There are 2 protein chains.
Amino acid sequence: MTTADDRKARAKAWFEELRDRICAAFEAIEDDYHGPLADRPPGRFVRKPWTREDGSDGGVISVLRGGRVFEKIGVMTSTRLDGMLSPEFAKTIPGAEKDPRFWSSSISLVAHLQSPRVPAVHMNTRHFMAAQSWFGGGADLTPMVPNDVDTRDFHAALKRACDAHGADYYTRFKAWCDEYFYLPHRGEPRGVGGIFYDRLDSGDWEADFAFTRAVGLAFLEVYPQIVRRRMSETWTEAEREHQLVRRGRYVEFNLLHDRGTQFGLKTGGNVEAILMSLPPEARWP
Amino acid sequence: MTTADDRKARAKAWFEELRDRICAAFEAIEDDYHGPLADRPPGRFVRKPWTREDGSDGGVISVLRGGRVFEKIGVMTSTRLDGMLSPEFAKTIPGAEKDPRFWSSSISLVAHLQSPRVPAVHMNTRHFMAAQSWFGGGADLTPMVPNDVDTRDFHAALKRACDAHGADYYTRFKAWCDEYFYLPHRGEPRGVGGIFYDRLDSGDWEADFAFTRAVGLAFLEVYPQIVRRRMSETWTEAEREHQLVRRGRYVEFNLLHDRGTQFGLKTGGNVEAILMSLPPEARWP
C-alpha cells in the first residue's frame, strides 16, 4: 500500500467512524429524553447509500426525521475515488492543470431541533487529495434564542481542539468562520460562529489529520452536552415562531451564499444530499 | 412636458392604478369568502412607503397577511427617478456607457394562498428608460395540486392579451416563461408557466404600453376568477403538506435562480421588498 493509499483509507475510515459515533450519541439523546413531545417514539437514523451518475459509489445519507428532540438531522459521508477537477477549479491548484484527478472524502452534518431553546448546528470536515492535498472543515452553532452559556461552551471546546494543534489556529479559524457564515443582504451573521478552515496543509500530514479528528471529537463532546442541557426546557409559541423565522435566514444563507451548495448544485451533485441542510420547516411572515 | 416626461408619468400612474385595482379585487375576495377559516376577519393590505439610502422615494410595499383566503400577498410598486446603471449593465445597452442614467417604474406581486387547492401566482410588469427604453414583465401560475381547468383559463387569458398585440407574442413569451421559471437542479418547472417578456421595444411606444396594460388587465380578470372558483373547497392535511413542500421549491427558485432577486440583493436593493415573494411557511421534510 502506498503512503497515499494508506492516508486515503485512514481518512475515509475516520469520517465513517465519526459518523457512527455521532449518530449513536444523537440516538442516545432521543432515548434518554423527557419533556415536551416525549410521547413520540425516539428518533432513529435511516441510512441510504447513493450512486453517482457514472455508477460509482456516492456515499451514505443518514437522516433522522421527526424525533423527540431532533426535528431533522442529515449526516452525509461521501468519498470520491476518481474525480476530475473542473478546468476552473484546477487553475486554483498548482500542478492540477497537468493532472486534474482528485480524491476526496468528507463528513457533513446539519441538525435542526424541535425546541427553539436548543441551538441548531453544522459540522463538516473533509480531506482532499489532488496535485496538492489538504484538510478543511469546521463547526458553527446557531442558537435560536440567544444563549451565552451554550455559545461560550461551544467556542471553548473548539478553542481547546485548535490550541492543541496550532498557536494561531483558533484566532484565524474563528475569524474565518465569522466572515463565511454572514448574510450580507441582511447585515446579519447566520449564528454565533465557531471555526472554519480550508486548504490546511502544514507540511505535516499526520498533524493536520490529527487536528481534523480533534475538531470532530470536540463537536462530539460539546454539542450533545448543549442539547442535553436545554432539551427538557418548555418553550413558548413565540419562541417557536422566532425559531422558524431564524430558519428562514438559514435557508437564505445556504441558497444565496453557501459556496458548497452553489458549487454542488451547479456541478450536478446529489440534490437530496446537498439540500439535506435545509430546515424541515421555515417561515417568512 | 416632454414626450419622455409624459410617458414616465403615464407608466407610473398605470402601475399604481393597477396596484389599487388588484388590491381592491383581493380584498373583495376576502370579504365575500365562505369556507374554512371564514371565522377570521377578512384580510386587508397594509401599505408601507420606503425610502432609498440616498433619501429618494423608493416605492410602496403593500402586504396582506393571514387573511381568510390569502396567507400572504406582497405587492410592490416602485419608481426610480434618477438611477445610474452599473458599468456591467450599461455595457448591455447601446449608448448607455456614455449616458448611464435610467428611469424605471414597476409593479410586482406574489400571492401565497391558505388553501393548497388555490394556485399561487406571480405577476410583474415594468417600464425602463435609459439610452434605450423598453417594457418587460409577465405572469405565471403555480398550482399546488395539479389542476387543468385553472391552468387552461390562465393561459387562455394571457393568450388573448398577447394575440391582440402581436401575432407571435404568445408563442414567444410563453416559451420564454417556461425557460425562465425552471429549476435545473431539480429538473422541474416552478409551476405551469404563463408568459415572460423583456426588453420589448417594437418601435411603437403606445402599442408596447398598451400590451403591458393588457397583461395587467388579463391577470386582474383571470386570477380572481380562479381564486373564487377554488377557495371554498375543503382540503386535506396531505394537500397542505404537499403545498408547503412545493413552496420550498418556490424558495429554491427565487434564491438560487431568479435573476431579479440576485441582482436586487447584490446591488443593495430593499431586502424586505425583494424577499416579500418568499412564502409565509415552507417545508423541506
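Residues numbered from 1 in each chain as written. Chains lettered and ligands numbered in written order. Predicted model: local features only at pLDDT ≥ 70, side-chain atom pairs only at ≥ 80, totals over all residues. Heavy atoms only, no water.

J.: It is not clear to me how the environment of lysine 266 of chain A should be interpreted in this structure. Could you clarify?
T.: All names here are of chain A. Here lysine 266 shows up in helix α7 (residues 259-266). Judged by relative accessible area, lysine 266 falls into the exposed class, the value being 69%. Taking C-alpha positions, lysine 266 is 29 Å from phenylalanine 209, a pair spaced 57 residues apart along the chain. (Helix = DSSP H or I, 4+ residues; strand = E, 2+ residues; numbered from the N terminus. Buried < 20%, exposed > 50% of the residue type's maximum accessible area, 1.4 Å probe, protein only.)

J.: Is there a simple way to explain the sheet that holds strand β1 (residues 45-51) of chain B in this structure?
T.: Residue and element names in this part refer to chain B. Within the open sheet, the seven strands sit side by side as β1-β2-β3-β4-β5-β6-β9. Their pairing is antiparallel. A single partner strand is all that each edge strand has here, and the edge strands are β1 and β9 (193-200). Mean inter-strand twist for the sheet, computed between neighbouring axes without regard to direction, equals 10 degrees. Taken together, the six bridges between strand β6 (residues 133-142) and β9 define a ladder with antiparallel strand orientation. Bridging across to β9, leucine 141 finds its partner in glycine 193. The strands touched by helix α6 (residues 237-257) within the sheet are β3 (70-84), β4 (101-113), β5 (120-129) and β6, with β4 carrying the most contacts at an inclination of about 160 degrees. (Pairing = 2+ DSSP bridges. Axes fitted to C-alpha atoms, helices over the stretch in contact; angles between N-to-C directions. Contact = heavy atoms within 4.5 Å.)

J.: Teacher, can you tell me more about the interface of chain B and chain A here?
T.: Many structure descriptions define interface size as the accessible area lost when the parts assemble. Listed by partner, the interface residues are 20 residues for chain B and 20 residues for chain A. Buried area between chain B and chain A, both sides added, is near 1,800 Å², and the carbon and sulfur share of it is 66%. Considering only the surface of chain B that becomes buried against chain A, Leu255, Leu256 and Trp284 of chain B emerge as the three largest contributors, covering 31% of it. Along the contact surface separating chain B from chain A lie two salt bridges. With its nearest N and O atoms 3.9 Å apart, the salt bridge here joins arginine 283 of chain B to glutamate 281 of chain A. Seen at the junction of chain B and chain A, the total is seven residue pairs in polar contact (both at pLDDT 80 or more). Sorting the residues of the side of chain B that touches chain A by element identifies α6, α7 (259-266) and β10 (281-283) of chain B as the ones contributing at least two each. Take the side of chain B that touches chain A: its biggest share by element is four residues, from α6 of chain B. Taken together, the residues of the side of chain B that touches chain A sort by class into 12 nonpolar, two polar and six charged. The pairing of strand β10 (residues 281-283) of chain A with β10 of chain B spans three bridges and is antiparallel. (Buried area = accessible area lost by both parts, 1.4 Å probe. Salt bridge = Lys/Arg side-chain N within 4 Å of Asp/Glu carboxyl O. Polar contact = N/O pair within 3.5 Å; in protein donor to acceptor, adjacent residues only side chain to side chain. Nonpolar A, V, L, I, M, F, W, Y, C, P; charged D, E, K, R; others polar.)

J.: It is not clear to me how the packing of aromatic side chains should be interpreted in this structure. Could you clarify?
T.: By the definition in use, this model includes 46 aromatic pairs over all chains. Measuring from centroid to centroid gives 5.9 Å for phenylalanine 173 of chain B and phenylalanine 211 of chain B, while their planes differ by 40 degrees, and the two rings are tilted. Within this pair, whereas phenylalanine 173 of chain B is found in helix α4 (residues 169-180), its partner phenylalanine 211 of chain B is found in helix α5 (residues 205-230), the two being separated by 38 residues in sequence. Exposure class is identical for phenylalanine 173 of chain B and phenylalanine 211 of chain B. Each is buried. Cluster of aromatic residues (ring-pair linked, three or more members): Tyr169, Phe173, Trp176, Tyr180, Phe181, Phe196, Tyr197, Phe211 and Phe253 of chain A. Above the face of the tyrosine 250 of chain A ring, arginine 190 of chain A is positioned so that its terminal group lies 4.0 Å from the ring centre. The ring of phenylalanine 209 of chain B is capped by arginine 213 of chain B, whose NZ or CZ atom sits 4.5 Å from the centre of that ring. (Phe/Tyr/Trp six-rings, centres within 6.5 Å; stacked < 30°, edge-to-face > 60°. Lys NZ or Arg CZ within 6 Å of the ring centre and 35° of its normal.)

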